[in-house]
Structure formats: structure tokens, C-alpha cells
Amino acid sequence: MLLRILLPALLIFFACHSAHKQATQNAAVVFAERPKNIILLIGDGMAVPQISAGIYWKGPGKSVWEQFPIVGFHKSHSADEKVTDSAAGATAFSCGQKTVNGAIGVLPPDNRPCRTILEELDAQGWATGMVVTCSATHATPACFIAHQDIRAFTEAIAEDYLNTPFDCFVGGGSGYFDDRPDKKNLLDTLKNRGYVIRKGDSFNRIPLDGSAPFMLFTAEREPGTASAGRRYLPGATQKICEYLKKRSNKGFFLMVEGSQIDWALHANDRNWLKAEMLDFDATVTAALNFARTDGNTLVIVTGDHECGGASLNAGDGKKNFRPGFAARMHSASMVPVFAFGPKSESFSGIYDNTAIYAKMWAALGNTVNPSK
Ligand code: MG
Ligand code: ZN
């Protein structure tokens, strides 16, 4: 008798409870018509095989990838070769133009500098920042702020950071700024301009209240690997989103790179790849959580190219999978693009890597490419 009364009551209670939860989740995802903020996350060397492995490693249904409503593909080839490098790949995102492999923010045939989306938005009053797990002078971050014919010109790339009043940088490479063959100390120059400069991966004494621009150097050259315990990328991404939001009422542009996914693939190192993919999953989760509560943020996640010719082969009979590698170099396969937030729907379909730049500008309501 008691059950007969209690059971329907319990069922109604649980039904209401879950409906409320659903409603709350939906209520949080009310997007503005256009984004104010753009977070572009790049997994270097990351395409379908790497993401598939990441999903299985995390557990199906648990990975961040399955939370994106919009998926598209980009064609990653560079101006003159089907297989791109990270410099041409990142210049396509930053400038919207195909360039030659090795070129940092410059275009063929005469290596003319192209204005990047970070530079242009910074000039228009947006807050800008980058968080990476490589050095500041490495190809991917360099292509958003530097203009050099060859990616190996690391000292010149570091000097190019002085040309844009960016708001923050977290990553490695302090030595390219203060331990240089030409004896210039670029960090002193930045300090004189009001930047807070810190070394290490602690955010103690970093002006997260938005009171000053800063650079936090996590290594003198390249940061350590995720498999050896490097952990700062997800936490830094979350903190920097909140920091940049305080830096400008117009909005912000943040580039986040899981830089070492590519390095694990060049090394054909499965354990390193797993650690980097799980680290990047947590990083994308941090960006997505910010965007969910913010409502004004467009999140785009992609890779610049595939690396390793990776495949998920049968392991333990067919019970499990074992990543295999056909190469130690990049490949030409298409790369998925995940999007969330206002105007995310424009990222479905198949398009050139350069279209990501145009789609970001269009999302902001700017249909004219300002670099033209
Ligand atoms: Mg890179
Ligand atoms: Zn590579």
C-alpha cells in the first residue's frame, strides 16, 4: 500500500527533477546573435585518427568532442604543396591566405606580410592572448603575431612580439627574449611598457584582475611533455578567458594550442600522444565551460594538419585498438573543425583552411576581409 502511494510520488519527483536539470542546461546555452569573443583552439597535428583515439582513451560519451553541435572539415594544403607545415597551416587561420611551407605570416610570391586577425582585433580594441605548450617563437603562435620568411628566424620572431600590444601570453621560450645572441633584452622592453613578466607555471602574482598585460613563461625554451607531468594548459585556458574578459568591453580573441600533439606524432610515441590528447581534451573542456556560461563566445577547435599518418588498428584481437603510424611526417588528410556558440553553424561543411579566418570575421559581423 505504502509503495502504491510512494512510487508514483517518487516517479513524479524524478521526472520533475530531470526536467528541471534539462531546462537549466538549456537555459545556460542561450547565445547572443553574434559572438563578442572568439577562442580558437588548435591541436597541432590533430585530425580524425588522433581525435578518435582521444575519444576511446577518455571513454565514449565522456570526451569533449561529442559535446560540439557543429562539425566541419578543412582542406589543410599549403599554397604550393599538398602536405602543409605548421607555419603555412597557422598563417591560413591567422591571415586567411595560403602561403608556402615555413612562412610565418607572409605571403607569396614576395613574402609580403599579412595582417593577422589577432593584430587587427587588437588594433580595434579587442583583448588578445595566446596560451600554448611550445615556445612563443614556434610556428603556430608566431603566425598570429610575427612576419618572417622562415620559421627558423626565432630571434626575429620574438622581436615581432613588440609590434602588437597583445594582452597576455602563456607558454615557453623566455630565452628567445632575454638570452639572445644580439644581447637585446626584450623582456626589459616589455616591462618598461607595463607588462608583468613571470617565469614558471604558477599564476601567483599574475594580474588576473585585468590590471596589466603579462607574459608567463613556462620554460626557457620548449615546455615539458604532458607525459612527463606538464599540466598548465587547461587551467591557464580557464584563467585567461576570465582575464581577457576583464581587459576589454569589446571582446577578446584567444588562440590556444596543444602544440605537442604534433611532436608526439613525429616521434610515433603512443603514450606521449595519449597524454597530449587527454590534456587537450581538458583544455577544450575549459574553453567550452567558459563559453557555456558566457553566451557571447564562439569556440572553434581544429588541427592545422594530420601528422604521423596515424590509424587505429586492431589490438588484442579486435577487442581494442592500437594506434599505428605510416610516417614520421605530416599528411594531407582533411582535418575536422568543431564549433560551439553564436555563428557556430557557419563552420559545417568542407572548405579550405583559409575559410576559418573568413568565417571568424563573418561571425563578428565583418564581411569585408580587413587584410585585403
Ligand atoms: Mg604548432
Ligand atoms: Zn609537425
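Further up the page is the structure itself.
Note that the coordinates shown come from a computational prediction; the quantities given were computed from them, not determined experimentally.

Visitor: Help me understand the packing of helix α2 (residues 48-58) against helix α11 (residues 270-294), please; the structure alone is not making it clear to me.
Guide: Between two packed helices, both the angle of their axes relative to each other and the distance between the axes serve to describe the pair. It is the contact of α2 with α11, at a shortest axis distance of 9 Å, that shows an interaxial angle of 80 degrees. As far as their axial angle goes, α11 and α2 are roughly perpendicular. Across the interface between the two elements, Gln50, Ile51, Gly54, Trp57 and Lys58 from α2 touch Arg270, Leu273, Lys274, Met277, Leu278 and Asp281 from α11.

Visitor: When you look at the pattern of salt bridges in this model, what are you seeing that I'm missing?
Guide: A pair can form between side chains of opposite charge whenever their charged atoms are brought close. The full count for this structure, using the stated rule, is 14 salt bridges. In this structure, the salt-bridge partner of Asp85 is Arg151, at a minimum N-O distance of 2.9 Å. You can see Asp85 sitting in the loop between β2 (70-75) and α3 (86-95) and its partner Arg151 sitting in the loop between α5 (139-142) and α6 (154-160), a full 66 residues away along the chain. Where Asp182 meets Arg180, a salt bridge forms, and the shortest distance between an N and an O atom there is 2.8 Å. Note on Asp182: relative accessible area 36%, which makes it partly exposed. When salt bridges with common partners are traced through the structure, they connect Glu159, Arg180, Asp182 and Lys184 into a single cluster.

Visitor: How do you make sense of the pairing of strand β10 (residues 297-303) when you look at a structure like this?
Guide: Two faces belong to every sheet, and in a regular strand the side chains alternate between them. Counting buried positions along β10 yields 7 of 7 residues, so the element is predominantly enclosed. Where burial is concerned, the two faces of β10 agree: the one with Thr297, Val299, Val301 and Gly303 and the one with Leu298, Ile300 and Thr302 are both buried. Where strand β1 (residues 37-43) and β10 come together, 7 bridges link them in parallel fashion. Within β10, the residue paired with Asn37 across the bridge is Thr297. In this sheet, strand β15 (residues 335-340) lies alongside β10 in antiparallel orientation, the contact comprising 4 bridges. Bridged to Ile300 within β15 is Ala339.

Visitor: Whenever I open this one, the environment of His305 confuses me. Can you help?
Guide: By the secondary structure assignment, His305 is in the loop between β10 and β11 (306-307). Other than its neighbours up to four places away in sequence, His305 contacts Asp44, Gly45, Met46, Ser76, Thr84, Asp85, Ser86, Asp262, His330, Ser331 and Val335.

Visitor: I'm lost on the packing of aromatic side chains in this one. Help?
Guide: One pair of aromatic rings is described through two measures. These are the centre distance and the angle between the planes. Following the criterion strictly, the structure yields 16 aromatic pairs and no others. Between the aromatic rings of Trp57 and Phe321, the centroid separation amounts to 5.8 Å while the plane-to-plane angle is 45 degrees, which identifies the pairing as tilted. Taken together, the residues span a long stretch of sequence, with Trp57 in helix α2 and Phe321 in strand β13 (residues 320-325) at a distance of 264 residues. Among the aromatic residues, those joined into a ring-pair cluster are Tyr161, Phe166, Phe169, Phe177, Tyr195 and Phe217. The aromatic ring of Tyr176 is capped on one face by Arg221, whose charged end is 4.6 Å from the ring centroid.

Visitor: Is there a simple way to think about the coordination of the magnesium ion (ligand 1) in this case?
Guide: The textbook angles at a metal center are 109.5 degrees for a tetrahedron of four donors and 90 or 180 degrees for an octahedron of six. Coordination of the magnesium ion (ligand 1) by the protein is provided by Asp44 (OD), Thr140 (OG1) and Glu257 (OE), with metal-donor distances spanning 2.0 to 2.2 Å. Motif for the magnesium ion (ligand 1), donor spacing along one chain: D-x95-T-x116-E. Placement of the pair is Asp44 in the loop between β1 and α2 and Glu257 in strand β9 (residues 252-258), with a sequence separation of 213 residues. Judged on exposure class, the residue Asp44 and its partner Glu257 are both buried.

Visitor: Help me understand the coordination of the zinc ion (ligand 2), please; the structure alone is not making it clear to me.
Guide: The protein atoms that coordinate the zinc ion (ligand 2) are Asp262 (OD), Asp262 (OD), His266 (NE2) and His330 (NE2), at distances spanning 2.0 to 2.6 Å. Viewed at the metal, the 4 donor atoms of the zinc ion (ligand 2) are separated by angles of 55 to 144 degrees, and the geometry they form is irregular.

Visitor: Looking at this structure, I do not really get the side chain of Thr99. What am I missing?
Guide: Structurally, the position occupied by Thr99 is in the loop between α3 and β3 (106-107). Since its relative accessible area comes to 0%, Thr99 is described here as buried. Of the polar contacts made by the side chain of Thr99, one reaches the backbone oxygen of Val106; its length is 2.6 Å. Those residues in contact with Thr99, other than ones at most four positions away along the chain, are Ser78, Ala79, Ala88, Thr91, Val106, Leu107 and Pro108.

Visitor: Just checking my understanding: could you explain α11 for this structure?
Guide: Because the α-helix completes a turn every 3.6 residues, residues three or four places apart line up on one side. In a regular helix each residue adds 1.5 Å, so 25 residues correspond to 36 Å; α11 covers 36 Å between its end C-alpha atoms and thus fits that length. At the exit of α11 stands Gly295, carrying a positive phi of roughly 80 degrees.

Visitor: Explanation requested: the state of the cysteines in the structure shown.
Guide: Linking two cysteines covalently through their sulfur atoms gives a disulfide. The tally for this structure, following the rule as stated, stands at 1 disulfide. The residue that forms a disulfide with Cys95 is Cys114, at a sulfur-sulfur distance of 2.1 Å. On the S-S bond that ties Cys95 to Cys114, the torsion sits near 80 degrees, and the link is right-handed. With Cys95 in helix α3 and Cys114 in the loop between β4 (112-113) and α4 (117-123), this pair connects stretches of sequence that are 19 residues apart. By relative accessible area, Cys95 is classed as buried at 0%.

Visitor: When you look at the sheet that holds β9 in this model, what are you seeing that I'm missing?
Guide: Remark on secondary structure: sheet strands pair via backbone hydrogen bonds, oriented parallel or antiparallel. With mixed pairing, 10 strands are arranged side by side in an open sheet as β7-β8-β6-β5-β9-β1-β10-β15-β2-β16. Here the strands that pair on one side only, and so sit at the sheet edges, are β7 (196-199) and β16 (349-352). Across the sheet, the mean angle separating the axes of adjacent strands is 15 degrees when strand polarity is ignored. When β2 meets β15, the two strands line up antiparallel, connected through 5 bridges. Each residue of the ladder has a partner; that of Ile70, found in β15, is Ala339. Running over the sheet, helix α9 (residues 232-247) touches β1, β5 (127-135), β6 (168-172), β8 (214-219) and β9 and is turned about 165 degrees from β5.

Definitions and limits used
Residues numbered from 1 in each chain as written. Chains lettered and ligands numbered in written order. Predicted model: local features only at pLDDT ≥ 70, side-chain atom pairs only at ≥ 80, totals over all residues. Heavy atoms only, no water. Axes fitted to C-alpha atoms, helices over the stretch in contact; angles between N-to-C directions. Helix = DSSP H or I, 4+ residues; strand = E, 2+ residues; numbered from the N terminus. Parallel < 35°, antiparallel > 145°, perpendicular 65-115°, else oblique. Contact = heavy atoms within 4.5 Å. Salt bridge = Lys/Arg side-chain N within 4 Å of Asp/Glu carboxyl O. Buried < 20%, exposed > 50% of the residue type's maximum accessible area, 1.4 Å probe, protein only. Pairing = 2+ DSSP bridges. Phe/Tyr/Trp six-rings, centres within 6.5 Å; stacked < 30°, edge-to-face > 60°. Lys NZ or Arg CZ within 6 Å of the ring centre and 35° of its normal. Donors = N, O, S within 2.8 Å, 3.2 Å for Na, K, Ca; no water. Tetrahedral: all angles 85-135°; square planar, octahedral: opposite > 155°, others 65-115°. Polar contact = N/O pair within 3.5 Å; in protein donor to acceptor, adjacent residues only side chain to side chain. Expected span 1.5 Å × (residues − 1). Disulfide = S-S within 2.5 Å.

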